[in-house]
Amino acid sequence: MILAELFLVFAKVGFCSFGAYSMIPVINDEMTAHGWMTVAEVGDILAIAEMTPGSVALNCASFVGMRTAGIAGSVAATLGVITPALTLCMLAAHFIRLFQSNKYVGMALYGVRPVCIAMILSAIASMGQAVFLESPVPWLNSIVIILAAGYLLIRRQWTIPRVVFLAAALGLFLC
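Residues numbered from 1 in each chain as written. Predicted model: local features only at pLDDT ≥ 70, side-chain atom pairs only at ≥ 80, totals over all residues. Heavy atoms only, no water.

K.L.:
So, the side chain of S142: which residues are in play, and what are the values?
P.N.:
Counting through the fold element by element, S142 comes out in helix α6 (residues 139-154). For S142, the contacting residues outside a window of four places in its chain are V131, F132 and V137. (Helix = DSSP H or I, 4+ residues; strand = E, 2+ residues; numbered from the N terminus. Contact = heavy atoms within 4.5 Å.)

K.L.:
Before we move on, could you go through a nonpolar patch on the surface and cite the residues and values that matter?
P.N.:
A surface patch of nonpolar side chains, amounting to about 730 Å² of accessible area, comprises F15, L88, L91, F95, L98, F99, V105 and L109. Of all elements in the fold, only α4 (56-99) and α5 (103-132) reach the threshold of two or more residues within the nonpolar patch. Counting residues per element, the nonpolar patch draws most heavily on α4, at 5 residues. Structurally, F15 can be placed in helix α1 (residues 2-15). Residue classification places F15 among the partly exposed positions, given a relative accessible area of 45%. (Patch = residues over 30% accessible without salt bridge, like charges linked within 9 Å, V, L, I, M, F, W, Y side chains within 5 Å. Areas by Shrake-Rupley, 256 points an atom, 1.4 Å probe, with all protein chains shown as cover. Salt bridge = Lys/Arg side-chain N within 4 Å of Asp/Glu carboxyl O. Buried < 20%, exposed > 50% of the residue type's maximum accessible area, 1.4 Å probe, protein only.)

K.L.:
Give a detailed account of the side chain of N28, specifying residues and quantitative values.
P.N.:
Along the chain, N28 falls in helix α2 (residues 24-33). Residues in contact with N28, not counting those within four places in the same chain, are V39, V42 and S126.

K.L.:
Please set out the nonpolar core residue by residue, giving values where relevant.
P.N.:
For soluble globular proteins, nonpolar side chains are generally found buried alongside one another. Grouped together as the largest cluster of nonpolar side chains are 24 residues, with contacts concentrated most on F10, M31 and V64. Contributing elements (two or more residues each) for this core: α1, α2, α3 (39-51), α4 and α5. It is α4 that provides the largest number of residues to this core, a total of 7 residues. Look past the residues within four positions of F10 in its chain and what remains in contact with it is M31, C60, A61, V64, A77, G80 and V81. (Core = buried A, V, L, I, M, F, W, Y, C linked by side-chain atoms within 4.5 Å.)

Okay, structure coming up:
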């Protein structure tokens, strides 16, 4: 039963998101709703998933599946998260020439983009609550790490894994 549940939950994650970061709220909601993880644990998994090779969703699925039901759970969750993308990519490849210049498809995608931003902001709000209200780390230290990470990512063009490693070192030092 748990294997089917993992497959279906991560299939939902795969179908309900439009890109890596827009799936964070769905992952967060599903993990906490099923009692598999807390918001803080989801944040930890996202950090690990971000710094390991591969997509965030695939890495999260593998980790959550392994933690929940061992290797079989990892396989079930991974298959669940890739099934929607694989199916949609195959369909898109088949129909791409038909819709390539369709103005209505372009307008629909224009309407979807702001929703992705809202989903990312929702994830920021829920994870911000975990960082600032539920974490044993002083909030001022978290702000220092956030500002340093933002500066390095935006102004210095550092890679995400490099910034995550630095943030981990800052966390060790500041806590």
